[in-house]
Amino acid sequence: MVTSPATRRPSWAGRNYTLLTAAAIITNLGGHGALIAAAFAVLDAGGDSGDVGLVAAARTLPLVLFLLIGGAVADRLPRHRVMVAANALNCVSQAAFAVVVLAGDPRLWQMMLLTALGGTGQAFFGPASEGMLLSSVSGEQASRAFALYRMAMQGAGLGGAALGGLLVAVIGPGWVLAVDAVAFALAGALRAFLDVGHIPPREPGGGLLSDLRDGWREFTGRTWLWSIVAQFSVVVAVVGAAESVFGPLVAEDELGGAGPWGLALGAFGAGTVGGAILMMRWKPRRLLLAGTLCVFPLAAPSAALAVPLPVAGLAAVMFVSGVAIEVFGVSWMTAMHQEIPEEKLSRVAAYDWFGSIAMVPLATALAGPAEHAFGRSASLWGCAVLVVVVTAAVLCVPDVRNLRRRTQDVVAANTQTGAGAQAGMGAQAGTGAEVSGTGPLAKPPTG
């Protein structure tokens, strides 16, 4: 690996990569604490599981509605400008959320509206950020670069979740939301300095709908891509409902409140750091086979909450699932990097995100009614079973089992030509959230 004597950083860690990593660290420090703060702000205002689910759904619904448009816009406009504008919207919405909570007696509709604004910003930010990251590295070291990026991001998430849970318990959720607003402002300032000069000018096209159709053809033309996205439409929905709705409720009723839940989320973050360190050295030849096998452990946190395990046991389970999802995440991003043409990265990423999170609003909104109808424990066991079933099903797809990492020569040729031909049989994770795939579980870009 070549390093610059002046900076002591690898040759692939250029200016854009460094800025993107620094900004991701900042937003993850604020964002993971804000996720805990939002749930407990609802509970502190007298809300129940249904209200927590409604607020979570309010963030995801505009994300689903605007993602595809965000992807097309990010492939038309300079991606860094889209990212900065989205960060500005997130900063304003989180600041307003903090003011409402700190003023006392926040209304459910206010929290839903401000959360929805944050989801709108994320819809434009996510595809632009993923496209920017994937185009910032090249060659054989791409997977190592993605692993290091995710390690820094998840390490910040680890600190943010642990600190956020503590601060919610000590000073209240409003101040944690205010910190997140400041983090968005700082990250947006860094992203304003990104250089897009290396990206070739876009050819004039037939408009937004034409761009969306082109991205759809790219997406549906790869069986491995749409089948895993279909898998994650279920995985992200049920895991998201378990962790954003049931998790805080179990913590409140059984584990002692926000502090223990923050510790469990911190253990997940520690696991993702460990997984990223592993993936800096391990390069599985069958990218998606290794990654998909590591989705099975995502069923474990729901099962642990269903029991429920004590805090130490839950933290251990969360740690293992963090390691596993990071193996998938790096493998997915490497597959996207080597298979998808640069000029279509944001559109394909948008279809990936869209498919992965399309069912999240429904799942989070139905979490409360499901608890009332079947009980909390049965609902959580159902989440675990669904993860196992859909993951086993996607392993039946030959392209998922057989897509292989490309050799150095092939990767170099693909980088120079922008080709996106299928590997192996002629055939992301890309995931968050920077909540981290597909979708928030594994994707790097969030906020």
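Just so it is clear, the structure is predicted and the values come from calculations on it, not from any experiment.

Cut-offs applied
Residues numbered from 1 in each chain as written. Predicted model: local features only at pLDDT ≥ 70, side-chain atom pairs only at ≥ 80, totals over all residues. Heavy atoms only, no water. Axes fitted to C-alpha atoms, helices over the stretch in contact; angles between N-to-C directions. Helix = DSSP H or I, 4+ residues; strand = E, 2+ residues; numbered from the N terminus. Parallel < 35°, antiparallel > 145°, perpendicular 65-115°, else oblique. Contact = heavy atoms within 4.5 Å. Nonpolar A, V, L, I, M, F, W, Y, C, P; charged D, E, K, R; others polar. pLDDT = per-residue confidence, 0-100. 1 Å grid on protein atoms, 1.4 Å probe; cavity = no way out; pocket = protein on both sides within 12 Å on 5 of 7 lines; lining within 4 Å. Points joined across faces, edges and corners; volume = space filled by probe spheres on them. Salt bridge = Lys/Arg side-chain N within 4 Å of Asp/Glu carboxyl O. Buried < 20%, exposed > 50% of the residue type's maximum accessible area, 1.4 Å probe, protein only. Expected span 1.5 Å × (residues − 1). Phe/Tyr/Trp six-rings, centres within 6.5 Å; stacked < 30°, edge-to-face > 60°. Left-handed = near helix turned anticlockwise from the far one by under 90°.

**Brief notes about the packing of helix α7 (residues 208–220) against helix α8 (residues 223–255)**
Line of reasoning, step 1. Where α7 meets α8, the closest approach of the two axes is 6 Å, and the angle between their N-to-C directions is 90°. Judged on the interaxial angle alone, α8 and α7 are roughly perpendicular. Listed contacts from α8 to Glu-218, Phe-219 and Thr-220 of α7 are Leu-225, Trp-226 and Val-229.
Line of reasoning, step 2. By residue class, the composition of the contact of α7 with α8 is four nonpolar, one polar and one charged.

**Remarks on the confidence of the model for the protein chain**
Line of reasoning, step 1. Summing up the model confidence of the protein chain, the mean pLDDT is 79 and the portion of residues at 70 or higher is 85%.
Line of reasoning, step 2. Within the protein chain, helix α15 (residues 376–394) carries the highest mean pLDDT (93), whereas helix α17 (residues 408–417) carries the lowest (42).
Line of reasoning, step 3. pLDDT under 50 marks residues 1–7. Its contacts with residues more than four places away, or in other chains, come to eleven contacts.
Line of reasoning, step 4. Predicted confidence is poor over residues 409–446, with pLDDT under 50, and the contacts of this stretch with residues over four places away or in other chains come to 162 contacts.

**Regarding the layout of surface pockets**
Line of reasoning, step 1. Taken as a whole, the second largest pocket spans an internal volume of roughly 280 Å³.
Line of reasoning, step 2. Looking at the lining of the second largest pocket residue by residue, the class counts come to 13 nonpolar, two polar and no charged.

**Remarks on the pattern of salt bridges**
Line of reasoning, step 1. For the structure on display, the rule yields eleven salt bridges.
Line of reasoning, step 2. Note that Arg-347 and Asp-75 form a salt bridge whose closest N and O atoms lie 2.8 Å from each other. With Arg-347 in helix α13 (residues 345–357) and Asp-75 in helix α2 (residues 49–76), this residue pair connects regions lying 272 residues apart in the sequence. For the residue pair Arg-347 and Asp-75, the accessibility class agrees, reading buried in each case.
Line of reasoning, step 3. Of the charged contacts in the structure, one is a salt bridge between Glu-218 and Lys-344, with a shortest N-O distance of 3.1 Å. Residue Glu-218 is located in helix α7, and its partner Lys-344 is located in the loop between α12 (311–339) and α13; the two are separated by 126 residues in the primary sequence.
Line of reasoning, step 4. Its relative accessible area of 16% is what places Lys-344 among the buried residues.
Line of reasoning, step 5. One network of salt bridges, with partners in common, ties together Asp-75, Arg-79, Asp-214, Arg-217, Glu-218, Arg-222, Lys-344 and Arg-347.

**Points about helix α6 (residues 173–191)**
Line of reasoning, step 1. Taking 1.5 Å of rise per residue, 19 residues should cover 27 Å, and α6 covers 27 Å from first to last C-alpha, within 8% of that figure.
Line of reasoning, step 2. Turning to α6, its buried residues are Pro-173, Gly-174, Val-176, Leu-177, Asp-180, Ala-181, Ala-183, Phe-184, Ala-187, Gly-188 and Arg-191.
Line of reasoning, step 3. Where the residues of α6 are buried, they touch α1 (15–44), α3 (79–103), α4 (108–134) and α5 (142–171).

**Examining the packing of aromatic side chains**
In this description, an aromatic ring pair is defined by two values, namely the gap between the centres and the angle between the planes.
Line of reasoning, step 1. As enumerated under the stated definition, the model contains eight aromatic pairs in all.
Line of reasoning, step 2. Centre to centre, the rings of Trp-224 and Trp-332 are 5.6 Å apart; their planes meet at 75°, and the pair counts as edge-to-face. With a gap of 108 residues between them, Trp-224 in helix α8 and Trp-332 in helix α12 connect regions that are remote in the sequence.
Line of reasoning, step 3. Classification of Trp-224 as buried rests on a relative accessible area of 0%.

**So, the environment of Arg-76**
Line of reasoning, step 1. Checked against the element boundaries, Arg-76 lands in helix α2.
Line of reasoning, step 2. Take Arg-76: its relative accessible area is 37%, and that puts it in the partly exposed class.
Line of reasoning, step 3. C-alpha separation for the pair Arg-76 and Glu-343, spaced 267 residues apart in sequence, amounts to 9.1 Å.

**Some remarks on α13**
Line of reasoning, step 1. Here α13 spans 18 Å end to end across 13 residues, near enough to the 18 Å set by a 1.5 Å rise per residue.
Line of reasoning, step 2. Listed in full, the buried residues belonging to α13 are Leu-345, Ser-346, Arg-347, Val-348, Ala-349, Ala-350, Tyr-351, Asp-352, Trp-353, Gly-355, Ser-356 and Ile-357.

**Focus on the environment of Val-82**
Line of reasoning, step 1. Mapped onto the fold, Val-82 is located in helix α3.
Line of reasoning, step 2. A residue is classified by how much of its surface remains accessible, and Val-82, at 8% relative accessible area, is buried.
Line of reasoning, step 3. If we ignore the near neighbours within four places in the chain, the residues touching Val-82 are Val-73, Ala-74, Leu-77, Phe-124 and Ala-128.

**Let's talk about the side chain of Ser-302**
Line of reasoning, step 1. With respect to the helices and strands, Ser-302 occurs in helix α11 (residues 300–306).
Line of reasoning, step 2. Those residues within four positions of Ser-302 in sequence are excluded, and the remaining contacts are Ala-242, Leu-380, Cys-383 and Ala-384.

**Quick word on the packing of α3 against α6**
Line of reasoning, step 1. Where α3 meets α6, the closest approach of the two axes is 8 Å, and the angle between their N-to-C directions is 165°. Judged by the angle between their axes, α3 and α6 are roughly antiparallel. As for the relative orientation of α3 and α6, their crossing is left-handed in sense. Residues His-80, Met-83, Val-84, Asn-87, Asn-90, Cys-91, Gln-94, Ala-95, Phe-97, Ala-98, Val-101 and Leu-102 of α3 form the contact with α6, whose participating residues are Pro-173, Gly-174, Trp-175, Leu-177, Ala-178, Asp-180, Ala-181, Phe-184, Ala-185, Ala-187, Gly-188 and Arg-191.
Line of reasoning, step 2. Here the residues of the contact of α3 with α6 are counted per class, giving 16 nonpolar, six polar and two charged.

**What about the side chain of Thr-120?**
Line of reasoning, step 1. Here Thr-120 shows up in helix α4.
Line of reasoning, step 2. Judged by its relative accessible area of 18%, Thr-120 falls in the buried class.
Line of reasoning, step 3. Here Thr-120 is in contact with Pro-62, Phe-66 and Leu-89, once residues within four sequence places are set aside.

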